Amino acid sequence: MRLNRIWASLLVGFLLASALPVSARDNRFYVYNAANGLADNSAQTIHCTKTGRLVITTMGQINFFDGQSFTYIDPSTENIYPLSNYSGNYHLYFDRYHHLWLKNTHTITCVNLTTERFADSIEDVLDEFGIDGTVQDLFVDRQNVVWLLTEKGLFSVESKRCYETRKRHQLQDMDVCQQKYLLLFYEDGLMEVLDIQTGRKIRESNAYDRSKASRYNHSSVLYNDDYTVFQIRNGAKEAIVMSAEVGEWEWKTILQVPYHLNNFAVEDSILYIPSEYGYWTYDRSTNETEHVEKLPMATGDMLLTDINAMAFDKQGGMWIGTEKRGLLYSRPLASPFKVHPWSDRRAVELATMMDKVVKPRYRYRNRNVNCVFRDSRGWDWVGTSSGLQLYKSSSDKLPQIITRKDGLLNNVIHTIIEDGFHNIWVGTSFGISCLLFDNGKLRYINSYNEWDNIPSESFVNGRAMRLADGTIALQMLDHVIEFNPDKMVTISEGVAYEIYPKLIRLMVNGNNIRTGQELDGNVILEKALTRTKEIDLNYDQNSVSLTFSGLNYFRPQQTYYRVRINGLDDTWNVLTRYNSGGLVDSKGQLHLPLVALKPGSYSIEVQTSMLPDKWDTVPYEWIININEPWWRTTGMFVLLGSILLLLLMINAYYYLRNANMRAIRNSQEQNLIKRIKNYAERCTQRGGELLEPVPEEIYGFGGDPQNELAPEFMDTMIKMMPVLLSKDASKMTMRELSSEVGMNVQKFYQLITANIYKSPRSLARMMMLMKASGMLETTDKSIGEIADACGFVTPNYFIAMFYHQTKMTPEHYRSRHGMKKVIGD
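Because the structure is a prediction, the values reported are computed rather than measured.

**Brief notes about the overall build of the chain**
Moving on, step 1. If you tally the helices and strands in the chain, you get twelve helices and 54 strands.
Moving on, step 2. Over its C-alpha trace the chain gives a radius of gyration of 54 Å, far above what one expects of a compact globule, namely 28 Å for 825 residues.
Moving on, step 3. For the chain, the spread of C-alpha atoms along the principal axes amounts to about 165 × 95 × 45 Å.
Moving on, step 4. By residue count, 50% of the 825 residues in the chain fall in the buried class.
Moving on, step 5. For the chain, restricting intrachain contacts to residue pairs at least 6 apart in sequence, the fraction spanning at least 24 positions comes to 56%.
Moving on, step 6. Carbon and sulfur atoms make up 50% of the accessible area of the chain, which totals about 39700 Å².
Moving on, step 7. Of the side chains in the chain, 89 bear a positive and 95 a negative charge, and the two mean positions are spaced by 7 Å.

Take a look at the structure:
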């Protein structure tokens, strides 16, 4: 049981290789061309990046492939820089400064990989490198350092040092070995080895004698692994491949052909050399070469084609770039399923065996079904048109139902069989599914279709058998499928194919976002999406859709995602094509919608795997920041707080100032009221104001009008006299006094302040005359006594003033009004 569980845990259907060894490659090739989105059918170079994305150059265009879709960028004439010394064909470089360089006969273009756009001015890029003068050629060494050939020599962008080169012979290629040897390759076959630190020449080595120099002087391609240098030299119509061991510098010839060889690709110990007629391989361990002239296609045809470039993806899949047929792809492992048409004797043989050993059942518990199978555990498996049903016991009234949402390719189950590891294989109306168990529990389901060499046709009900050697045969309408799970081998989990997620599409509020594009005044992507790890959005740009690719070229339908969104849901969720409700599509892409996000920061962590329970890779992380509305930002809160604080300070300032002014005003008002009260007392008390003739009265000329009291003021003072004389000054206010006389406080204040500082003589005289009138009416005092009591300096002056006021003498006034009794008598 333990051994079986170990095998079950290692049985990974996507790596099935039948009885072949692990390294056995699928020899069939599949086509990707302009119909699939490639810019052109002429694929010149291919490169697999560190994350697994493919970069393909066509006729000047740079194509990016994420496993399901191509995107490409076109150069313009402004993006092209002349290289006078380069006469070869397409040559692709990646440097350590985030540039992609593409050379082609006497020209070069440059792509800024941070934006994935062609550089507007290559001259500006070269100026940043610090080069002075015209660049004749450009190289990038295996450490991704740029080297520029000028009239002065070969310039290192990294060290800023210039190395002298031969003047009479064209420098065709260069590289650096072990970070200490600078290798210079000239058109005549000479290699110079320089000390990279001192520039001193260490060695010269000729690849061949002078008689061959003109035969292989057109172009050069290098591959250098720090131990051995391999070089292709092309002539007008022929090519040679040579190698030299680092330190020995002696050349040996590997291959000579009468046509062009185009590039190098390396996989394990094998060197692949694309050519005008298929490709060559060179096994470094055995020194053997092999020519593969024709390529077997998935259609069954053999293709004879020229090959410009070859590359291997992270899963070991082979990619071939052709001159006119686009890209060709071969999977890292062959399909384990052998397909026998009825014209094949093996199909008839297997069908005959089924006739003898298979006893199909088409009824279960009094109902019609497609097939019934009882496994070694005594479980009953029932195939229906609506899924696979499992009864683990005869007492089970309701079955466990397994359908497409669990991983089946199709719900119509035609045939069921068990393998030696107690896994269940079912044939459906579209492909085969394998239910893998661990300790009696369903671990997951692997499914296989036309991508795995399974014909797109239905299986026949109940037609399945397992032979003594473990081979399983399933009958279809027009074929018989044969495979042996007992002999299927897998790459161990320690070196299983690792795949990594790549963010390939960003949509905000339903808009597809591109680099540099503005949305509502906000440039969301300053860099290319593939180079972006943090995205800032406005508060109203809060509906986001992220599309990820697992870069799973081998089996895209078997791509599992593990997702955690910190800030929304901190738990890990495993998403598959079958359980995600459409978030993972049939191409293995994850479409992750984030709707109505509240302002805040969200961390999206994503892992990809080809197993649903194996997550060894480090999660990739993307940050989405939804900014607060401008009125809710920290800066705005600080600004509003500052304004509020300023207003409080201003309010406090004015409050204190007004309080101070109020205190001053109150003090001034009290002083004024005291003055008014004193003024009134001076006017009503004998001696308060000396009443004697003034010069203008004696000599008959008028006084200064500005010093005269206004009649309105005197009337007002007379009205206030009872209050002024009866109340304490500290208990009176100007408002109360103004109310007493029925006057607006402001007008009252102006009237008082305009007269209170003038001489009170006129008012005092009027008040004394009023007092005198009362005494004449109520007393029998003499005129002299009344004059003295009222403060007049002489009786005559009193008589004159009384007459002036009443137009009567005091005697006449008394005689007219008569003497009245004093109150209280």
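We are not done yet, so read on.
**Overview of a nonpolar patch on the surface**
Moving on, step 1. Among the surface-exposed residues, Phe637, Leu639, Leu640, Ile643, Leu646, Leu647, Ile650, Tyr653 and Tyr654 lie close enough to one another that they form a single nonpolar patch of about 860 Å² accessible area.
Moving on, step 2. Inspection of the secondary structure assignment puts Ile643 in helix 4 (residues 634-684).

**Side note on unusual backbone geometry**
Moving on, step 1. Unlike most non-glycine residues, Glu116 shows phi in positive territory, near 55°.
Moving on, step 2. Structurally, Glu116 is set in the loop between strand 9 (107-112) and strand 10 (117-118).
Moving on, step 3. Residue classification places Glu116 among the buried positions, given a relative accessible area of 14%.
Moving on, step 4. At Asn287, a position not held by glycine, the phi torsion is positive, near 65°.
Moving on, step 5. With respect to the element layout, Asn287 can be found in the loop between strand 25 (279-283) and strand 26 (288-292).

**Things to note about the state of the cysteines**
Moving on, step 1. Applying the stated criterion across every chain, the model contains zero disulfides.
Moving on, step 2. Of all cysteine sulfurs in the structure, the one in Cys434 sits closest to Cys371, which takes part in no disulfide; the separation is 15 Å.

**Considering the packing of aromatic side chains**
Two descriptors summarise a pair of aromatic rings, namely the distance from one centre to the other and the angle between the planes of the rings.
Moving on, step 1. Inspection of the entire model under this criterion finds 37 aromatic pairs.
Moving on, step 2. Pairing Tyr208 with Tyr216 gives two aromatic rings, centres 5.6 Å apart and planes at 50°, and the pair type is tilted. As far as the burial class goes, Tyr208 and Tyr216 line up, both buried.
Moving on, step 3. Here Trp381 and Phe437 contribute two aromatic rings whose centre-to-centre distance is 6.0 Å and whose plane-to-plane angle is 70°, an arrangement assigned as edge-to-face. On the criterion of sequence distance, the pair formed by Trp381 in strand 34 (residues 380-384) and Phe437 in strand 39 (residues 432-438) is long-range, its members being 56 residues apart.
Moving on, step 4. The buried category is assigned to Trp381, whose relative accessible area is 0%.
Moving on, step 5. Taken together, the aromatic side chains of Tyr32, Phe65, Phe70, Trp319, Tyr329 and Tyr553 make up a single cluster linked through ring pairs.
Moving on, step 6. Over the face of the ring belonging to Phe437 we find Arg377, whose NZ or CZ atom lies 4.9 Å from the ring centre.
Moving on, step 7. Over the ring of Trp572 we find Arg562; its NZ or CZ atom is 4.3 Å from the centre of that ring.

**Let's talk about the side chain of Asn410**
Moving on, step 1. Topologically, Asn410 is positioned in the loop between strand 36 (400-402) and strand 37 (413-418).
Moving on, step 2. At 2.8 Å, the side chain of Asn410 and the backbone nitrogen of Val412 are in polar contact.
Moving on, step 3. Ignoring any residue separated from it by four or fewer positions in sequence, one finds Asn410 in contact with Arg404, Thr428, Ser429 and Phe430.

**A short note on a negative patch on the surface**
Moving on, step 1. Taken together, Glu78, Asp120, Glu123, Asp124, Asp127 and Glu128 make up a surface patch of like negative charges.
Moving on, step 2. With respect to the element layout, Glu78 can be found in the loop between strand 5 (70-73) and strand 6 (80-82).
Moving on, step 3. On the accessibility criterion, Glu78 (56% relative accessible area) is exposed.

**So, helix 8 (residues 745-755)**
Residues spaced three or four apart along an α-helix face the same direction, because each turn holds 3.6 residues.
Moving on, step 1. All buried positions along helix 8 are accounted for by Phe748, Leu751, Ile752 and Asn755. Angularly, the buried residues of helix 8 cover 95° about the axis, an arc narrow enough to put them on a single face.
Moving on, step 2. Of the residues flanking the start of helix 8, the one acting as N-cap is Asn744, its side-chain oxygen 2.8 Å from the backbone nitrogen of Gln746.

**So, the nonpolar core**
Taken as a class, soluble globular proteins show a tendency for nonpolar side chains to be buried jointly.
Moving on, step 1. Ranked by internal contacts, the top residues of the largest apolar core, which has 45 residues, are Met717, Ile752 and Phe792.
Moving on, step 2. For this core, the secondary structure elements donating two or more residues are helix 4, helix 6 (711-726), helix 7 (734-741), helix 8, helix 9 (761-778), helix 10 (783-789) and helix 11 (795-806).
Moving on, step 3. A per-element tally of this core places helix 9 first, with eight residues.
Moving on, step 4. Beyond its immediate stretch of four places on either side in the chain, Phe792 contacts Leu691, Arg765, Met768, Leu769, Ala787, Tyr797, Phe798 and Met801.
Moving on, step 5. In this structure, Ile416, Cys434, Ile472 and Ile481 belong to the second largest nonpolar core, which totals 35 residues.

**Observations concerning the sheet that holds strand 44 (residues 502-508)**
Moving on, step 1. Spatially, four strands are ordered 45-44-49-52 in an open sheet, and the strand pairing comes out antiparallel. Strands with a single pairing partner mark the edges of an open sheet, and in this sheet they are strand 45 (511-512) and strand 52 (589-594).
Moving on, step 2. Where strand 44 and strand 45 come together, two bridges link them in antiparallel fashion. Residue pairing in the sheet places Met507 in a bridge with Asn512 of strand 45.

Conventions we followed
Residues numbered from 1 in each chain as written. Predicted model: local features only at pLDDT ≥ 70, side-chain atom pairs only at ≥ 80, totals over all residues. Heavy atoms only, no water. Helix = DSSP H or I, 4+ residues; strand = E, 2+ residues; numbered from the N terminus. Rg over C-alpha atoms; globule rule 2.2 N^0.38 Å. Buried < 20%, exposed > 50% of the residue type's maximum accessible area, 1.4 Å probe, protein only. Contact = heavy atoms within 4.5 Å. Areas by Shrake-Rupley, 256 points an atom, 1.4 Å probe, with all protein chains shown as cover. Lys, Arg positive; Asp, Glu negative; His and termini not counted. Charge placed at Lys NZ, Arg CZ, Asp CG, Glu CD. Patch = residues over 30% accessible without salt bridge, like charges linked within 9 Å, V, L, I, M, F, W, Y side chains within 5 Å. Salt bridge = Lys/Arg side-chain N within 4 Å of Asp/Glu carboxyl O. Disulfide = S-S within 2.5 Å. Phe/Tyr/Trp six-rings, centres within 6.5 Å; stacked < 30°, edge-to-face > 60°. Lys NZ or Arg CZ within 6 Å of the ring centre and 35° of its normal. Polar contact = N/O pair within 3.5 Å; in protein donor to acceptor, adjacent residues only side chain to side chain. Arc of directions from axis to C-beta. Core = buried A, V, L, I, M, F, W, Y, C linked by side-chain atoms within 4.5 Å. Pairing = 2+ DSSP bridges.

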